Amino acid sequence: MAAGSVGELRRQALEAIDAAMDLEAVQAARTTWLGRKGPIVDALRSIKDRPPEERRDLGLELNRLRDELEAILSEREGSLEEENLRRRLVDERVDVTLPGRPRAIGGPHPLRMAEAELVRVLRKIGFSIVEGPEVESEYLNFEALNIPEDHPAREMQDTFYLRDLPGLLLRTHTSPVQVRAMRASAPNPLRVICPGRVYRRDDDVTHSPVFHQIEGLAVGEGIGMHHLKATLYEFARQLFGADVPLRLRPSYFPFTEPSTELDVGCPFCHGQGCRVCKGSGWIEVLGSGMVHPHVLREGGYDPERFTGFAFGLGIERTAMLRYGIDDVRLLYLGDLRFLTQFQGSEA
Amino acid sequence: MQVLYSWLREILGELPLAEEVANILTGLGLEVEGLHRQGEGLRGAIVAKAADVSPLTARLWRVELDTGSGRAVCVTGASNVGRGAVVPYAQPGTRLPDGRTLEPAEFHGQVSEGMLLSADEIGIGADHDGILILPQDAPLGQDLATYLGLPDAVFDVSLTPSFAQHCQNMLGVARELAAALGMILPAGPGRLRSGDGDASLAVRTDPALCPLYLGARLVREDERPTPLYIQRRLWAAGMRPVLPIVDLTNYVMLEIGQPLHPFADDRLVGAIQVRSARPGEQIETLDGLTRVLESGDIVICDEAGPVALAGMMGSQRAEVTEETAEVFLEAALFKPASIGAAMRRLGLRSEAAQRFAHGLPGSLPWRALQRMSELLPEVGWRMLPGIAVAGEEPAAPPAINVDPHYVRRLLGIDLSQEEQCDALRRLGFEAGGDRELAVTPPYWRIDVMEPWDVAEEVLRSVGVDRLPEELPPPAPRIAEPPSYALRLEALAALEALGYRDALSYSLCDPKELESLGRPAEVETANPLSVDMQALRTTLLQGLLKAVRHNLAYGRQEIALCEAGRVFARDGDAVVETEMLAAVLAGTRLPFGRYEAERVDFFSLKGDIEAALRLLRVGALDFAPSQDPALHPGRQADVFSGGRHLGRLGELHPSVQRHLGLDLPVMVGEFRLAEINLAQVAARAKSTPRFPALIRDLAVVVDQAVTYGRLRQVLRAALGELLVAETLFDVFTGSPVPDGKKSLALRLTLQSPERTLTDADAEAAIARALQALGEHCGAQLR
Ligand SMILES: [Zn+2]
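Description of the structure in this document. (Residues numbered from 1 in each chain as written. Chains lettered and ligands numbered in written order. Predicted model: local features only at pLDDT ≥ 70, side-chain atom pairs only at ≥ 80, totals over all residues. Heavy atoms only, no water.)

Right, let's get into the overall build of chain A. Secondary structure summary: chain A contains twelve helices and nine strands in total. In summary, chain A has a C-alpha radius of gyration of 43 Å against a globular reference of 20 Å for 347 residues, an excess of more than 25%. Each principal axis of the C-alpha atoms in chain A carries an extent, and together these give about 135 × 50 × 40 Å. For chain A, the residues scored as buried account for 52% of the 347 residues in total. When contacts within chain A are restricted to residue pairs at least 6 apart in sequence, long-range pairs at least 24 apart make up 66% of them. (Helix = DSSP H or I, 4+ residues; strand = E, 2+ residues; numbered from the N terminus. Rg over C-alpha atoms; globule rule 2.2 N^0.38 Å. Buried < 20%, exposed > 50% of the residue type's maximum accessible area, 1.4 Å probe, protein only. Contact = heavy atoms within 4.5 Å.)

Following this line, the structure appears as structure tokens:
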């Protein structure tokens, strides 16, 4: 092979590579031109048949051609691979607005959420949870709490009694748990909260015959009403925000004296007056007071030495306020349209 | 209780604006729940006189009016306007409180220039039957709102029992207000100064039921209507003016709190006696009902029998009518507990009963008679001298001794003894003493008896705003019951698996419990309705009700859970057990692009297994159970470490149909206490050091052989070499012979001591097959 024919070889090879339009054709061209049976290897192999003075230059030329073709082929392969990937990625594109593979999610009841929030705040202030029976003795539900038989306060709490079970009733408040807790702890200082289910013969938009309360009790030597006020204010600020307007006003409960109620500035109208606060700008959140000496004595504490304060609030009411629920009965229907709305919206 | 602003102002002389008064009352504990203004928006109406009245049709009258400065003609449908009557006249252009603006109108050819107004239209009363008749001396042409003092605020005050005793009257409310405003407390009427008892009025009483009974005789001298201001005040209190003498007794009750009862004197026979009713004794009360009495109810009797249910309501027999010219007026004290009990039993919450039930100051009957004697001339009546007296005025309680340190400690306010005395004096108490306070309540405060009552009064007087804020000293925490945390954790586990917490009532229809094979054991004696009669014995009742509710609006993906108590009876006691329940029905996912799996027994079983694992319960065993409410072939008891945790299954098709559910429902219910006991401590095991071998094995067994049994035999045969077995196929039908099934398992074999060889695995499989053949009749497939 003459030196001029290497140029011819190069021309033919470049022509063939140019004509290769896809990766397969490029790889075929590589086999054809650079393969073991290709013309360049062939020519290199036949160098030994050439006159010695030509051998060196021809070898150099052929090797240079081989390197050049190798570079061109690699470059072509690379760009075609890149082109292929680019095309694939286009083909594989999805509509990202199609729905995700759904998972069924569950979640807590708004009442439990409210209860958990109340418990969290009160535990932080130093109270521990106690629980008691829902079927309670008439004595602990009433007499022990300074509500004797003919007391007008019994009217305030219309009671479910039990058939064939004299002396038992469905507790009308969680307060009997306080007496139980006192009896279990006297004469040690006590800080407890009693969340639980209670019952009253009442059924309308704001009253349900079954509902939930949480009550708190602190007993010890030297407990005064200033402690009550600080505890309630701390509780309300944790719950409704540090800047919420607060108001304590005298009230009446048979088991506390003096008694007070705590109002918070209406979160819906910021005190301007609205439907929720009946135009007053205030919302009543809890009842409280200094534990009545009669109740302390029932709990096993000597009222000459010990004093205490107690407070209680309805969990339904708290949930209704916090989540803007207007009918208490919605809380007990198990309606998934209602229950699923407290955790972001359903897909 | 409705409180008229203008009435308070009349008693006290001067007052801040109504909103301010409302705030003060609320701050005192007399919570103002509502504030509305009578006659607000009334503009343009005037006082006029009916100069002439003539019929226009059978039901309409033409009234010619003298407006003071001119004449006008009005048509009215009210029949109570006589010639000469002074009436409220709304001329054309007048705006009424309801927002209407009057225009001239034509009736049967007669143009009516505006209209005459009823009390209701003015906004001061509920009476819309007739036109409001004004006093003869009302100045013609004067603006009606000005004349009536409108708008006038009405406070809707919520009375707690602590105020019901001394503030269920205007004078009481006015006293509280006066104390808060630093004004002199209004004294109220003194005792009637009466001569000796009138022998002609013989009265006997039972001092236990009625410690004091006063009787006065009233005579009519002139016929006069009830003064307009009294009518207005009765209306505002929700009472209806009837007859002047009756209105006056009601008015005195509203004003000072002593209910009074007028009897038509000519209807009484002989002497009056106050006594306990005889069981079964009957009385026809003023409302026309015949009431059956019980021993302990108090009746007022004459010689012909009961004439009044004491403190509650009179009888028809001695009712005062328009003809009555002589009245026997009762002012008495009745035992509060008796009145309260009768009130509750008979459902008779009369204004009088609500006051007697809270107790009255001992001298109040005498004061009420004094007030009556002052007011009687306004309606043309007079009180005869000589009062019949039975019983005795209860003695005033002794002074209360209070340690001023006690008050300071209880309230946490640093108040000197003198400050405490001042605070009490502002409320009308007498207070003094050197080391201890000696406190004497005013006559109207019979509820203040103990040192803590006194402390409360001191607080109310200085105001709760005086309380400092100081957090209580910390106390040791006590151990909390595990139930609370476990309940929330159990719910959270199910919630994580897609279940929604749904609280339901613990009161339900006993029939629903019956149909679930869990009959009620405890029922309420006084249910609101039959569907809230029984205490639940299962949480499933409420959850299935919720399933039905959700299906009814078309939801097909239902997964609900609940934690709560169920109630059983044990002799004379009730046992409360805390349960955790779950129900699952329809599909996991809503209809859509991705496959919506229909749930079945194994869906719920898988969820329960996962939930119990999340709760750290040890290995579970499932055994077929026999619950008639569940599908006989698809239910199981769940055990762990020999403890029965609960049961799950598919609802029996007939129960499902009976409950109105149109698709299969999976249910499960578990005892939280047992779950608690079955929890195992978390402990780390060493991570295996040698590789595991995987071998698949398929065997053919009789249909009756359970997987559970197979697994048990397999585990026994391979011991600790078998670290896991996974069932991956259950197959029946050709080529598996009839009555047989093929089970395919993947076994994971591993040794803690060395790398297993193929020969080890083959030996293990051979051992397994031999045991399975021997105990389960299994053959290699
Ligand atoms: Zn508001």
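Okay, the overall build of chain B next. The helix and strand tally for chain B stands at 22 helices and 38 strands. Its C-alpha radius of gyration of 41 Å places chain B more than 25% over the 28 Å reference for a compact globule of 781 residues. Sorting the 781 residues of chain B into buried and exposed places 52% on the buried side. A fraction of 67% describes how many contacts in chain B between residues 6 or more apart in sequence connect residues 24 or more apart. Surface summary for chain B: the accessible area is close to 34,700 Å², and the carbon and sulfur share equals 50%. Side chains of chain B give 76 positive and 105 negative charges; the mean places of these two sets differ by 6 Å. (Areas by Shrake-Rupley, 256 points an atom, 1.4 Å probe, with all protein chains shown as cover. Lys, Arg positive; Asp, Glu negative; His and termini not counted. Charge placed at Lys NZ, Arg CZ, Asp CG, Glu CD.)

Attention now moves to the coordination of the zinc ion. Residues and elements named next belong to chain A. Taken together, the protein donors to the zinc ion comprise Cys266 (SG), Cys269 (SG), Cys274 (SG) and Cys277 (SG), at separations of 2.2 to 2.3 Å. The sequence pattern describing where the donors of the zinc ion fall on their chain is C-x2-C-x4-C-x2-C. Exposure remark for Cys269: the relative accessible area of 12% places this residue in the buried category. Cys277 sits in the buried class, given a relative accessible area of 4%. (Donors = N, O, S within 2.8 Å, 3.2 Å for Na, K, Ca; no water.)

Below, the discussion takes up the environment of Ser734 of chain B. All names here are of chain B. Tracing the chain through its elements places Ser734 in the loop between β36 (722-731) and β37 (740-749). Of the residues examined, Ser734 reaches a relative accessible area of 68% and is grouped as exposed. Residues Ser734 and Arg355, 379 residues apart in the sequence, show an inter-C-alpha distance of 89 Å.

What follows is about the nonpolar core. By size, the foremost hydrophobic cluster in this structure holds 213 residues, and its most contacted members are Phe155, Tyr213 and Phe334 of chain B. Membership of the second largest hydrophobic core comes to 30 residues, among which are Leu491, Cys561, Leu604 and Ala678 of chain B. (Core = buried A, V, L, I, M, F, W, Y, C linked by side-chain atoms within 4.5 Å.)

All names here are of chain B. Strand order in this open sheet of three strands is β1-β10-β2, and the pairing throughout is antiparallel. The open sheet has two edge strands with one neighbour each: β1 (2-4) and β2 (31-38). Averaged over all neighbouring strand pairs, the angle between strand axes comes to 25 degrees, with direction disregarded. Sheet topology note: the β1/strand β10 (residues 152-158) ladder contains three bridges and is antiparallel. (Pairing = 2+ DSSP bridges. Axes fitted to C-alpha atoms, helices over the stretch in contact; angles between N-to-C directions.)

As a further point, take the packing of helix α2 (residues 23-34) of chain A against helix α4 (residues 52-91) of chain A. Residues and elements named next belong to chain A. Their axes nearest at 9 Å, the elements α2 and α4 cross at an angle of 165 degrees. Our classification of the angle between α2 and α4 gives roughly antiparallel. When the axes of α2 and α4 are compared, the crossing they make is left-handed. Between α2, through Leu23, Val26, Gln27, Ala29, Arg30, Trp33 and Leu34, and α4, the contact on the second element is made entirely by Arg66, Leu69, Glu70, Leu73, Ser74, Arg76, Glu77, Leu80, Glu81 and Asn84. Tallied by class, residues from the contact of α2 with α4 come to eight nonpolar, three polar and six charged. (Parallel < 35°, antiparallel > 145°, perpendicular 65-115°, else oblique. Left-handed = near helix turned anticlockwise from the far one by under 90°. Nonpolar A, V, L, I, M, F, W, Y, C, P; charged D, E, K, R; others polar.)

Right, let's get into the pattern of salt bridges. Residues and elements named next belong to chain B. Within the structure shown, the criterion is met by 73 salt bridges over all chains. Across the pair Arg191 and Glu393 runs a salt bridge whose closest N-O atoms are separated by 2.6 Å. Within this pair, whereas Arg191 is found in the loop between α6 (170-180) and β11 (203-204), its partner Glu393 is found in the loop between β22 (388-391) and β23 (400-402), the two being separated by 202 residues in sequence. The partly exposed category is assigned to Arg191, whose relative accessible area is 41%. (Salt bridge = Lys/Arg side-chain N within 4 Å of Asp/Glu carboxyl O.)

This next bit is on the sheet that holds strand β24 (residues 430-432) of chain B. All names here are of chain B. Overall, antiparallel pairing links the three strands, which are arranged β23-β25-β24 in an open sheet. In the strand order of this sheet, the two ends are held by β23 and β24, each with one partner. In this sheet, adjacent strand axes meet at a mean angle of 20 degrees when their direction is disregarded. Relative to strand β25 (residues 437-440), β23 runs antiparallel, the two sharing three bridges. When the bridges of β25 are listed, Asn401 appears paired with Ala438. Those strands touched by helix α14 (residues 451-462) are β23 and β25, and its axis lies near 75 degrees from that of β23.

Right, let's talk about the interface of chain B and chain A for a bit. The interface is formed by 89 residues belonging to chain B together with 100 residues belonging to chain A. If you look at where chain B meets chain A, you find seven salt bridges. Taking the shortest distance from any N to any O, the salt bridge between Arg565 of chain B and Glu134 of chain A comes out at 3.6 Å. On inspection of chain B and its partner chain A, the count reaches 41 residue pairs in polar contact (both at pLDDT 80 or more). Broken down by element, the side of chain B that touches chain A gets its largest block of residues, eight residues, from strand β29 (residues 557-570) of chain B. (Polar contact = N/O pair within 3.5 Å; in protein donor to acceptor, adjacent residues only side chain to side chain.)

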